[in-house]
Amino acid sequence: MPKLWNGRFEKDTSEMMDVFNASIAFEQRLFPYDILGSIAHVRMLSKQAIISSDDAELIETELKTIYKGIEAGDIDFKLSLEDIHMNIESILIDHIGEAGKRLHTGRSRNDQIALDMKLYAKDALIGVQKHLLSLIAALNTLAFDHVETIMPGCTHLQNAQPITFGHHLLAYVEKFKRDVIKLTDAYHHLDAMPLGSSALASTSYPIDRNAVKETLGFESLTYNSLDGVSDRDYLVEIASIYSLIAIHLSNLSEEIIIWNSSAYHFITLDDAYSTGSSIMPQKKNPDVAELCRGKSGRIIGALQSLLVTLKGLPLAYNKDLQEDKEMFFGSTDQLDLMIPMMEKLVSTMTVNQDAMLEATLKGFTEATEIADYLVKKGLAFRECHHIVGSIVKDCEKARLPLTALSLEDYKGYSDQFEADIFEVLDLKNIINSKAHVGGPAFETVKAQIKANELWLSDNQEIVSSLYSPLNAIQQMLSAY
Ligand code: ARG
């Protein structure tokens, strides 16, 4: 297969070179974006009378046919044609001859790939956002079922203070909400159309960049042709948000693994989302959570790889940039699997409320409250801390919870203790005394769940209002 650029070459590239150089194997997923970009470009070339409207129509119609052919699996990409751009262009020329050769007027593969990646990134991040929104909805619903399910809140993985499972889950809701918003911001940050930068120095044809921008639904244009072809900052930004998402999924996974352990038994994972052991018949393993925790490694790694790849590049296009694809595609693919799996895992698990309550009682989680009680009776906090510390020490030796002591026992530590200490020791009272915005009180958590529902419907609307290039091309094709 002769190369589209073989004019100045005297011999063919070696097969080894072709294999090393080609990106088509992983780049073929860009075909919808490449074709959409070409349609926008060819319409503009015709509007500007750079090519004839007959040629433009022929090209556009054939591009749509090629799209359908690729979609149907009827088209074999050729490694010797290197990338998605040259594969599509050469099929076009094969099919329609001379007219096809006019498509590449006033553009370069450099601005083409810059465009394709931006279009792809838009759909990729919208896809991840949609998964996150439905994970958030699942966590919020589960939180609603567990507004009153008491569990020990931890620091250093040591039982600290009583909270509820609902409150705990809402912490993850907040993290994932931030991730969705960051992705919306990242969408707007990348929303500048690079076509017209051409190879690096723009073009002398009387192109109309704004017309292309309009067809492709971009907010603005890139304002420097060198930057237009070399900018991959948006991939770093998204990859960094992806890394945070992966970290949040990994944190939640780690907790699920702990809660599901035989020592804790706080939750029981659904059989449909667990695995067994080939040797130990009693085992039921949390593989989904472990894989989410594990896969976060490669997503964080992709961010690092992207940064290092970009670090030493001079302006403008360099082939190193081709390396961005597998890193970015891979991370998107992993998140597209991990987030829905996490949603399944949390929405099918059984919560063992008794085990959570027992752990809260055994964990002396009321201790801070007892100290605060004594402070309210007029003692200094440091002194109270010390008194309660010795109560805990004695209870620990006697293997008793703090609720097992009588008023007499308490008075033995301080004469400030009165009968009302038992109200203070009530876990529900402790939790409900913390009713500030963001606190674990039942009513506060219920209000937050309601607020999250509103947030969800607002953000579902925001995300679905983001222009999806894939939808755009599919609409174009359904009309054709
Ligand atoms: N496949 C290439 C990439 O991913 C696009 C081709 C760039 N142009 C070139 N002159 N080799 O960056």
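A short tour of the structure in this document, coming up. If you're wondering where the values come from, they're calculated on a predicted model, not measured in any experiment. (Residues numbered from 1 in each chain as written. Predicted model: local features only at pLDDT ≥ 70, side-chain atom pairs only at ≥ 80, totals over all residues. Heavy atoms only, no water.)

Examining empty space enclosed by the protein
Evaluation of the coordinates by the stated rule reveals 1 cavity of 30 Å³ or more. What the largest cavity holds in volume is close to 50 Å³. Every residue lining the largest cavity is listed: His-41, Met-44, Gly-106, Arg-107, Asp-111, Met-193, Leu-195, Gly-196, Ile-207, Asp-208, Arg-209 and Val-212. For the lining of the largest cavity, the secondary structure elements donating two or more residues are α3 (31-47) and α8 (209-215). Its residues assigned to classes, the lining of the largest cavity shows 5 nonpolar, 3 polar and 4 charged. (1 Å grid on protein atoms, 1.4 Å probe; cavity = no way out; pocket = protein on both sides within 12 Å on 5 of 7 lines; lining within 4 Å. Points joined across faces, edges and corners; volume = space filled by probe spheres on them. Helix = DSSP H or I, 4+ residues; strand = E, 2+ residues; numbered from the N terminus. Nonpolar A, V, L, I, M, F, W, Y, C, P; charged D, E, K, R; others polar.)

A word on the pattern of salt bridges
Evaluation of the coordinates by the stated rule reveals 21 salt bridges. Here Lys-284 and Asp-271 are joined by a salt bridge, their closest N and O atoms 2.9 Å apart. Highlighted residues: Lys-284 in the loop between β5 (267-268) and α11 (287-311) and Asp-271 in the loop between β5 and α11, separated in sequence by 13 residues. Judged by relative accessible area, which is 34%, Lys-284 ranks as partly exposed. With relative accessibility at 58%, the residue Asp-271 sits in the exposed group. Its salt-bridge partner being Glu-358, residue Lys-362 comes within 2.9 Å of it at the nearest N-O pair. Of this pair, Lys-362 and Glu-358 both sit in helix α13 (residues 353-362), 4 residues apart, roughly one helical turn. (Salt bridge = Lys/Arg side-chain N within 4 Å of Asp/Glu carboxyl O. Buried < 20%, exposed > 50% of the residue type's maximum accessible area, 1.4 Å probe, protein only.)

Observations regarding the pairing of strand β2 (residues 158-164)
Pairing of strand β1 (residues 150-155) with β2, which is carried by 6 bridges, proceeds in the antiparallel orientation. When the sheet's bridge partners are listed, Cys-154 is paired in β2 with Asn-159. Here β1 folds back onto β2, and the loop between the two strands holds 2 residues, one of which, His-156, carries a positive phi near 55°. (Pairing = 2+ DSSP bridges.)

Regarding the site of the ligand
Every residue close to the ligand is listed here: Ser-23, Glu-27, Asp-83, His-85, Arg-109, Asn-110, Ile-113, Tyr-317, Lys-319, Gln-322 and Lys-325. In the environment of the ligand, a nitrogen atom lies 3.3 Å from a nitrogen or oxygen atom belonging to the side chain of Ser-23. Contacts to the ligand include Lys-325, whose side-chain N or O atom sits 2.6 Å from an oxygen atom. Calculation on the ligand without its partners gives an accessible area of 350 Å², and the protein chains cover 89% of this total. (Near = heavy atom within 4 Å. Polar contact = N/O pair within 3.5 Å; in protein donor to acceptor, adjacent residues only side chain to side chain. Areas by Shrake-Rupley, 256 points an atom, 1.4 Å probe, with all protein chains shown as cover.)

Focus: the layout of surface pockets
Approximately 290 Å³ is the volume attributed to the largest pocket. Ala-367, Thr-368, His-385, Val-388 and Val-392 are the residues nearest the centre of the largest pocket, which is lined by 14 residues in total. Contributions of two or more residues to the lining of the largest pocket are made by β2, α14 (367-376) and α15 (381-398). For the lining of the largest pocket, the element with the most residues is α15, which contributes 7 residues. Residues of the lining of the largest pocket, tallied by class, amount to 7 nonpolar, 6 polar and 1 charged.

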